[in-house]
Amino acid sequence: MRYSGTHPRKFNEKYKELNPEKYADTVEKVIKKGSTPAGMHISIMVEEILDFLEIKPGQQGLDATLGYGGHTRRMLECLQGKGHIYGLDVDPIESEKTRKRLAEEGFTEDIITVKLMNFADIDHLAQEVGKFDFILADLGVSSMQIDNPERGFSYKAEGPLDLRLNPEKGVSASERLLHITRDELAGMLEENADEPYADEIADMVVSTIRKGGRIDTTTKLAELVERALLPLVPKKERREAVKKSCARTFQALRIDVNNEFEVLDSFLEKLPDVLNPGGRVAILTFHSGEDRLVKKSFKRHKKLGQYSGIADKVVRPSKEECIRNSRAHSTKMRWAVKADC
């Protein structure tokens, strides 16, 4: 792969990072610099999760958001070949890669089952395979999805404005914007991302569409966000403000396109009924909207007597982990324990 300069910049140019088995030394250097190698995902708060879940050989567990499989791999090691883990994901592209990767490491179908399933349907899974002794849900979007411009998750690279976790279902973000109203978009930006310039961004986006424009790429949407903030933010603060508003705008759209809050709400409602007595659940959240839903649900189910204990305060990653992995900064972990009844 040829590229200009001394280091590859585009996703597809990073051929060494995209082949970690062949170029392990390169991947190690990238991680040591505090970056995430292209096509990979560095799992967050692994030790804190394992300390809480207290996984024992012979137990049955669930990774509700399989992703790259980093958490799953460590949980499988705790089982010591006895027991079973089910890994769920709605992304048909990455889940198959993860299944193969884990199988190559010796974690075959006798100890792990990967299912292309939304975690809102955990009740159906529990009816099929039985209840769980431990459950993990990492609500963050995986790095390999964010970094691949073909998936359209990031404003930082040119790509189709898609944002779907499963590109084979639903409507893309660009299609969603075609028929959105100004008030609907402003409300989405406020509710899903606490965007301070929600009204101005919504005005810019909707007026562009009404004039016949089509916002079908990541860079087109990012440019409109920048134009909306242009008269509002002093020049010296503009670059940082635009970056943050772009990130929030993409987050809000992604949550909407994938119905993430509705899915999470359904998952949380069903959680107590799929846990064995004394079963443990840990959930990683990455923005305030998610954390509020988890906190309220855990409190309500504890009041109903379904949980014997819940996290009084969020658990956060260590300072050292945040230095090693910048994507860990916004992470919060909450936990709950099923009542013995």
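One can find the structure itself at the top, above this paragraph.
Cut-off values and rules
Residues numbered from 1 in each chain as written. Predicted model: local features only at pLDDT ≥ 70, side-chain atom pairs only at ≥ 80, totals over all residues. Heavy atoms only, no water. Buried < 20%, exposed > 50% of the residue type's maximum accessible area, 1.4 Å probe, protein only. Helix = DSSP H or I, 4+ residues; strand = E, 2+ residues; numbered from the N terminus. Pairing = 2+ DSSP bridges. Core = buried A, V, L, I, M, F, W, Y, C linked by side-chain atoms within 4.5 Å. Contact = heavy atoms within 4.5 Å. Axes fitted to C-alpha atoms, helices over the stretch in contact; angles between N-to-C directions. Parallel < 35°, antiparallel > 145°, perpendicular 65-115°, else oblique. Left-handed = near helix turned anticlockwise from the far one by under 90°. Nonpolar A, V, L, I, M, F, W, Y, C, P; charged D, E, K, R; others polar. Polar contact = N/O pair within 3.5 Å; in protein donor to acceptor, adjacent residues only side chain to side chain. Salt bridge = Lys/Arg side-chain N within 4 Å of Asp/Glu carboxyl O.

This part covers the pairing of strand 1 (residues 60-63). Regular strands have side chains that alternate between both faces of the sheet. Both faces of strand 1 are covered, namely the face carrying Gln60 and Leu62 and the face carrying Gly61 and Asp63. Relative to strand 2 (residues 84-89), strand 1 runs parallel, the two being bridged by four bridges. Within strand 2, the residue paired with Asp63 across the bridge is Gly87. Where strand 1 and strand 4 (residues 132-138) come together, three bridges link them in parallel fashion. Bridging from a neighbouring strand, Asp63 pairs with Leu136 of strand 4.

Turning to the nonpolar core, a few remarks are in order. Leu161, Leu177, Leu185, Val205, Ile215 and Leu229 are the most contacted members of the largest nonpolar core, which totals 36 residues. When near neighbours in sequence (up to four residues on either side) are disregarded, Leu177 contacts Leu161, Leu185, Val205, Ile209, Ile215 and Leu253. Residues Leu264, Leu268, Leu275 and Ala336 belong to the second largest nonpolar core, which totals 28 residues.

Next up on the list: the packing of helix 2 (residues 46-53) against helix 3 (residues 70-79). In the contact formed by helix 2 and helix 3, the axes pass within 11 Å of each other and the chain directions differ by 40°. It follows that helix 2 is oblique to helix 3 by the angle criterion. In this structure, the crossing between helix 2 and helix 3 has a hand that is right-handed. Across from Val46, Glu47, Ile49, Leu50 and Leu53 in helix 2, the residues of helix 3 making contact are His71, Arg74, Met75 and Cys78. In terms of residue class, the contact of helix 2 with helix 3 is made up of six nonpolar, one polar and two charged.

Once that is clear, we can look at the side chain of Ser172. With respect to the helices, strands and loops of the structure, Ser172 is situated in the loop between helix 6 (143-147) and helix 7 (173-178). You can call Ser172 buried: its relative accessible area is 7%. A polar side-chain atom of Ser172 sits 3.0 Å from a polar atom in the side chain of Ser174. Setting aside residues up to four positions removed in sequence, Ser172 forms contacts with Leu161, Asp162, Arg164 and Val257.

A few words now on the pattern of salt bridges. The tally for this structure, following the rule as stated, stands at 23 salt bridges. Ionic pairing is found between Arg74 and Glu47, a salt bridge with its closest N-O pair at 2.8 Å. Residue Arg74 is found in helix 3, and its partner Glu47 is found in helix 2; the two are separated by 27 residues along the sequence. Judged by its relative accessible area of 27%, Arg74 falls in the partly exposed class. Across the salt bridge formed by Arg334 and Asp291, the nearest N and O atoms sit 2.7 Å from each other. Residue Arg334 is found in strand 7 (residues 332-338), and its partner Asp291 is found in helix 13 (residues 288-303); the two are separated by 43 residues along the sequence. Of the two residues examined, Arg334 and Asp291, each falls in the buried class. One connected set of salt bridges, linked through shared partners, spans Glu47, Arg73, Arg74, Glu77 and Glu105.

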